Amino acid sequence: MTVIAAEQVTPRAKRLLAPNPGPMTLEGTNSWVLSAEAGEHCVVVDPGPADEPHLGRLAEQGDIRLILLTHHHLDHAEGASRLRSMTGAPIAAADPSLCVDSEPLRPGTTDAAGIELMVLQTPGHSSDSVCLLLSADHALLTGDTILGRGTTVVAHPDGRLNDYLDSLRRLRALVAEAVDVVLPGHGPVVQNPSLTLDFYLQHRRERLEQVRLAVAELGEPVTPMDVVRRVYADVDESLWPAAELSVRAQLEHLTELGA
Ligand SMILES: [Zn+2]
């Protein structure tokens, strides 16, 4: 497999693409290396899968002082303990069970090994998802909450649609004020984050309406896969298992709304 060179995306953020392409991971996981002002030490966000060459390349990027995880899914977090053993860096995440030698991430501004980051709790894709604002670069690291292409999965039952919509609305407000670029967990960098957030919110509204109509038309009893076949007919079948999770999340949301 050809190794794509590390790419400097903003003054302080570099991307290394992990070699795990797939229907859910797009070209692969984006591992982000953030450098402190002086440049001598850095923070890795989402080391990605336990791929030895990829982790080795990450470890070569500088003096890694901290490993951060946007959420617990393996395509982001699996390589963390191996990268820790290569570098000695602590691991921090919102979920305390993922942390090693570090306190869990809490909302608000934090000094991440000399790099100022604002932690935002953005549950929805998963219950433990966070986004990280690299204020100095007006850049937002979004994990799987916002992707570089297409839309993400609400991974029911851990991910919940109500939470996700709330997270998207909060991100929409933040992006309007403070963000020029989104650094996603998969896919290309997003240069027009406000438009993307609008698209995500609109897409969610449309899908929800489609699911509501499908349930009404199909009549009870209806399985989530019945709804997927109707509503996600435009989506490649390899994505249907993921779509089924999103449908389950949408059905739960509709029940909560009493619709
Ligand atoms: Zn992912």
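Structure: see above.
The following paragraphs examine the structure supplied in this document. The residue numbering used here restarts from 1 in each chain and proceeds along that chain's sequence as written. Two thresholds apply to this predicted model, a pLDDT of at least 70 for residue-level local features and 80 or more for giving and counting side-chain atom pairs, whereas whole-chain, interface and lining totals are computed over all residues. Side-chain measures here rest on the full set of heavy atoms in the structure, leaving out hydrogens and waters.

**Overview of the pairing of strand 10 (residues 139–143)**
Two faces make up the sheet, and in a regular strand the side chains alternate between them. Counting buried positions along strand 10 yields 5 of 5 residues, so the element is predominantly enclosed. Where burial is concerned, the two faces of strand 10 agree: the one with Ala 139, Leu 141 and Gly 143 and the one with Leu 140 and Thr 142 are both buried. Bridging between strand 9 (residues 130–134) and strand 10 involves 3 bridges; their strand directions are antiparallel. Its bridge partner being in strand 10, Leu 133 is matched across the sheet by Leu 140. Here strand 9 folds back onto strand 10 in antiparallel fashion, the turn holding 4 residues, of which His 138 has a positive phi close to 50 degrees. Two strands make a pair as long as DSSP finds a minimum of two bridges between them. We count a stretch as a helix when DSSP gives it H or I for four or more residues in a row; a strand needs E for two or more, and each element gets its number in order from the N terminus. Taken together, the 4 bridges between strand 10 and strand 11 (residues 181–184) define a ladder with parallel strand orientation. Each residue of the ladder has a partner; that of Leu 140, found in strand 11, is Val 182. With the strands aimed away from the viewer, a crossover counts as right-handed if its path from the first strand over the helix to the second runs clockwise. In this region the chain leaves strand 10, passes through helix 4 (residues 161–178) and returns to the parallel neighbour strand 11; the handedness of that crossover is right-handed. The rule is simple: take the accessible area with a 1.4 Å probe, protein chains only, and divide by the maximum for that residue type; under 20% is buried, over 50% is exposed, in between is partly exposed.

**What to know about the nonpolar core**
If you look at the biggest cluster of nonpolar residues, it comprises 35 residues, and the most contacted ones within it are Leu 140, Val 227 and Tyr 232. Listing elements by their share of this core, those giving two or more residues are strand 9, helix 4, helix 5 (193–218), helix 6 (224–231) and helix 7 (240–257). Sequence-distant contacts of Leu 140, that is, excluding residues within four places in its chain, are made with Leu 120, Cys 131, Leu 132, Leu 133, Leu 171, Leu 174, Val 175, Val 179, Val 181, Val 182 and Leu 183. Grouping buried Ala, Val, Leu, Ile, Met, Phe, Trp, Tyr and Cys residues that are joined through side-chain atoms within 4.5 Å yields what is termed a nonpolar core. One finds Val 119, Leu 134, Val 181 and Leu 183 within the second-largest nonpolar core, a separate group that totals 23 residues. Residue contacts follow a heavy-atom distance rule, with two residues in contact if any of their heavy atoms lie within 4.5 Å.

**Some thoughts on the pairing of strand 2 (residues 13–17)**
Most of strand 2 sits out of view: 5 of its 5 residues are buried. Residue alternation in strand 2 divides its side chains into two sets, Ala 13, Arg 15 and Leu 17 and Lys 14 and Leu 16, and both sets are buried. Bridge count between strand 1 (residues 7–10) and strand 2: 3 bridges; the pairing is antiparallel. Bridging from a neighbouring strand, Thr 10 pairs with Ala 13 of strand 2.

**Looking at the coordination of the zinc ion**
Every protein donor of the zinc ion is listed here as Asp 75 (OD), His 76 (NE2), Asp 144 (OD) and His 186 (NE2), and their distances to the metal cover 2.0 to 2.2 Å. If you look at the zinc ion, its 4 donor atoms make angles of 86 to 152 degrees with each other, and the shape they trace is irregular. For Na, K and Ca the donor cut-off is 3.2 Å; for every other metal, N, O and S atoms count as donors within 2.8 Å. Water does not enter the count, which can leave sites looking incomplete. In primary sequence terms, the donor set of the zinc ion follows D-H-x67-D-x41-H. Placement of Asp 75 in helix 2 (residues 74–77) and of Asp 144 in the loop between strand 10 and helix 4 is noted, with a sequence separation of 69 residues between them. Square planar and octahedral sites, with four and six donors, are those where opposite donors lie more than 155 degrees apart and all other angles lie between 65 and 115, tetrahedral sites have four donors with every angle between 85 and 135 degrees, and the rest are irregular.

**Re the packing of helix 1 (residues 52–59) against helix 3 (residues 80–87)**
It is the contact of helix 1 with helix 3, at a shortest axis distance of 10 Å, that shows an interaxial angle of 45 degrees. Considering the angle they form, helix 1 stands oblique to helix 3. Where helix 1 crosses over helix 3, the two elements pack in a sense that is right-handed. From helix 1, Glu 52, Leu 55, Gly 56, Leu 58 and Ala 59 reach across to helix 3, where they touch Arg 82, Leu 83, Met 86 and Thr 87. Here the term charged refers only to Asp, Glu, Lys and Arg, the term nonpolar to Ala, Val, Leu, Ile, Met, Phe, Trp, Tyr, Cys and Pro, and the term polar to all other amino acids, Gly among them. In terms of residue class, the contact of helix 1 with helix 3 is made up of 5 nonpolar, 2 polar and 2 charged. Every axis corresponds to a line fitted to the C-alpha atoms, with the helix fit spanning only the stretch in contact, and the corresponding angles, defined between N-to-C directions, vary from 0 to 180 degrees. Just so you know how the angles are binned, under 35 degrees is roughly parallel, over 145 roughly antiparallel, 65 to 115 roughly perpendicular, and the rest oblique. Helix crossings fall into two classes, left-handed where the near helix is turned counterclockwise from the far one by less than a right angle and right-handed where it is turned clockwise.

**Some thoughts on the pattern of salt bridges**
In what follows, salt bridge is the name for a side-chain nitrogen of Lys or Arg lying within 4 Å of a carboxyl oxygen of Asp or Glu. Tallying each qualifying case throughout the model produces 15 salt bridges. Where Arg 12 meets Asp 137, a salt bridge forms, and the shortest distance between an N and an O atom there is 2.2 Å. Residue Arg 12 is located in the loop between strand 1 and strand 2, and its partner Asp 137 is located in the loop between strand 9 and strand 10; the two are separated by 125 residues in the primary sequence. Across the salt bridge formed by Asp 234 and Arg 207, the nearest N and O atoms sit 3.5 Å from each other. Taken together, the residues Asp 234 in the loop between helix 6 and helix 7 and Arg 207 in helix 5 connect sequence positions 27 residues apart. Given the relative accessible area of 7%, Arg 207 is considered buried.

**Observations concerning the environment of Leu 17**
Following the sequence through the fold, Leu 17 ends up in strand 2. Expressed as a C-alpha distance, the spacing of Leu 17 and Gly 187, which sit 170 residues apart in the sequence, is 9.4 Å.

**Concerning helix 5**
Expected span of a helix: the number of residues minus one, times 1.5 Å. For helix 5, spanning 26 residues, the distance from its first C-alpha to its last is 37 Å, which sits close to the expected 38 Å at 1.5 Å a residue. Residues Pro 193, Thr 196, Leu 197, Tyr 200, Leu 201, His 203, Arg 204, Arg 207, Leu 208, Val 211, Ala 214 and Val 215 constitute the buried set of helix 5. Lining the buried residues of helix 5 we find helix 4, strand 11, helix 6 and helix 7. Looking one or two residues beyond helix 5, the residue adopting positive phi is Gly 219, at roughly 75 degrees.

**Details of the sheet that holds strand 8 (residues 115–121)**
Taken together, 5 strands build an open sheet; the order of strands is 7-8-9-10-11 and the sheet is mixed. With partners counted over all chains shown, the strands left at the sheet margins are strand 7 (108–112) and strand 11, one partner each. The mean angle between the axes of side-by-side strands here comes to 30 degrees, regardless of whether they run parallel or antiparallel. Across 5 bridges, strand 7 lies against strand 8 in antiparallel orientation.

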